[in-house]
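In case you want the letters, here they are:
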Amino acid sequence: MSKIAIIGATGRAGSQLLEEALRRGHSVTAIARNTAKIGDRAGVVSQQLDVLDSEALTAAVAGHDVVICAAHFATVPADKLIAPVKAAGVKRLLVVGGAGSLLLPDNSRVIDSEGFPEEYLAEASAGALFLDVLLKEQDLDWTFLSPSAEFVETERTGQFRIGKDHLLFDATGRSWISFADYAIAMIDEVETPQFSRQRFTVGY
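Along each chain, residue indices are assigned from 1 in the same order as the chain's sequence is written. The predicted origin of the model limits local features to residues at a pLDDT of at least 70 and limits the giving and counting of side-chain atom pairs to 80 or more, whereas totals for whole chains, interfaces and linings rest on all residues. For side-chain calculations, the full set of non-hydrogen atoms in the structure is used, while hydrogens and water are omitted.

- As recorded in an unreviewed UniProt entry, the chain goes by NAD(P)-dependent oxidoreductase and comes from Pseudomonas hefeiensis.

Written out as structure tokens, the structure reads:
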């Protein structure tokens, strides 16, 4: 079993990652600005801190096998995460990515497509930049897992497909994945690494 630090553990993705990790018997350090909603749980150590506080984050993730970042890209630039993880001596970094940097069938990026929602542009752009930084990273064993276009709060099914750099669509043309099934794919990668220094995606 691994010792996992989850940054943004109270968010929609982070909370499902926390549940999936605990379900499989891993020990988790849950890092968030406000950890009150986590409460006292077996297998969980809560660390309430500002992720942009490099010293505090370095101390919080030290001694872990892997760090998973589920924070918003617009608020946590790549360098503010990568530097503390390196300083803490943690070798593996897994990142909850975005769908905007995925490719469409014509190999153009989702974020560049006509009609991409304006309200998601800032976060998607920051996510694409974060991936660009990781692609140049030589020291960390990183993985960037992009969800499908729709990231939704539906049930955990355990049935999904894995892709690489292209957006996945189901038989009806919909691109979607639940937070719970996404979490399965991410913790699978923690346990059985297949995408070292790569991005991959998950969808129905």
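Continuing now.
1. Things to note about the pairing of strand β10 (residues 198–203)
Line of reasoning, step 1. A 1.4 Å probe rolled over the protein chains alone gives each residue an accessible area, and that area as a share of the maximum for its type sets the label: buried under 20%, exposed over 50%, partly exposed in between. Each helix corresponds to a stretch of at least 4 residues labelled H or I by DSSP, and each strand to a stretch of at least 2 residues labelled E; elements are numbered beginning at the N terminus. Within β10, 5 of the 6 residues are buried, which leaves the element mostly enclosed by the surrounding structure.
Line of reasoning, step 2. In terms of strand pairing, strand β8 (residues 161–163) meets β10 through 3 bridges, oriented antiparallel. From the neighbouring strand, Gly-163 faces β10, where its bridge partner is Thr-201. Think of it this way: DSSP has to see at least two bridges between two strands before they count as a pair.

2. Let's talk about helix α4 (residues 121–135)
One turn of the α-helix equals 3.6 residues, which is why residues spaced by three or four share an orientation.
Line of reasoning, step 1. Expected span, for any helix, means 1.5 Å times one less than how many residues it has. Taking 1.5 Å per residue, 15 residues should reach 21 Å; α4 reaches 21 Å between its end C-alpha atoms and fits that length.
Line of reasoning, step 2. Within the sequence span of α4, burial applies to Ala-124, Gly-127, Ala-128, Phe-130, Leu-131 and Leu-134. One side of α4 carries all its buried residues, which in axial view fall inside an arc of 155°. In α4, the exposed positions that point more than 90 degrees away from the buried face belong to Ala-122 and Leu-129.
Line of reasoning, step 3. Throughout, a contact is declared for two residues whenever any of their heavy atoms are within 4.5 Å. Buried residues along α4 sit against α3 (78–87), β5 (92–96), β6 (141–146) and β10. Read the arc as the range of directions from the helix axis to the C-beta atoms.

3. A closer look at the packing of α3 against α4
Line of reasoning, step 1. Axis definition: a line fitted to C-alpha atoms, over the contacting stretch in the case of helices. Angles run 0 to 180 degrees between N-to-C directions. Look at α3 against α4: their axes get within 10 Å of each other, and the N-to-C directions meet at 40°. Regarding the angle of α3 to α4, the classification is oblique. Facing α3, whose interface residues are Ala-78, Leu-81 and Ile-82, α4 presents Phe-130, Val-133 and Leu-134.
Line of reasoning, step 2. Residue composition of the contact of α3 with α4, by class: 6 nonpolar, no polar and no charged. What sets the label is the angle itself: under 35 degrees gives roughly parallel, over 145 gives roughly antiparallel, 65 to 115 gives roughly perpendicular, and the rest give oblique. Note on residue categories: nonpolar means Ala, Val, Leu, Ile, Met, Phe, Trp, Tyr, Cys or Pro, charged means Asp, Glu, Lys or Arg, and polar means any other residue, Gly included.

4. Let's talk about unusual backbone geometry
Glycine aside, residues mostly have negative phi, and peptide bonds are mostly found in the trans state.
Line of reasoning, step 1. Even without glycine at this site, Asn-107 takes up a positive phi of about 75°.
Line of reasoning, step 2. With respect to the helices and strands, Asn-107 occurs in the loop between β5 and α4.
Line of reasoning, step 3. In this structure, Arg-197 takes a positive phi of about 55° despite not being glycine.
Line of reasoning, step 4. By secondary structure assignment, the location of Arg-197 is in the loop between α5 (179–191) and β10.
Line of reasoning, step 5. Here Arg-197 falls in the partly exposed class, since its relative accessible area comes to 37%.

5. Considerations on the sheet that holds β10
Line of reasoning, step 1. Read across the open sheet, the 8 strands follow the order β3-β2-β1-β4-β5-β6-β10-β8; overall the sheet is mixed. Edge positions in the sheet fall to β3 (44–48) and β8, since each has one partner strand and no second. Across this sheet, the average inter-strand angle for adjacent strands is 20°, counted without regard to direction.
Line of reasoning, step 2. Relative to β5, strand β4 (residues 66–69) runs parallel, the two being bridged by 4 bridges. Across the sheet, the residue bridging to Val-67 is Leu-93, located in β5.
Line of reasoning, step 3. Its contacts with the sheet put α4 on β5, β6 and β10, and the angle it makes with β6 is roughly 155°.
Line of reasoning, step 4. α5 rests against β1 (3–7), β4, β5, β6, β8 and β10 of the sheet, and its axis sits at about 170° to β5.

6. Section: the layout of surface pockets
Line of reasoning, step 1. Of the voids in this model, the largest pocket is the one considered here, and its volume is about 1,100 Å³.
Line of reasoning, step 2. Here the element with the most residues in the lining of the largest pocket is α4; it accounts for 4 residues. With a 1 Å grid spanning the protein atoms alone, the term cavity applies to any set of points in which a 1.4 Å probe fits but cannot get out, the term pocket to an open set with protein on both sides within 12 Å along at least five of seven lines, and the term lining residue to any residue with an atom within 4 Å of a point. Grid points are joined across faces, edges and corners, and a volume is the space filled by probe spheres set on the points.

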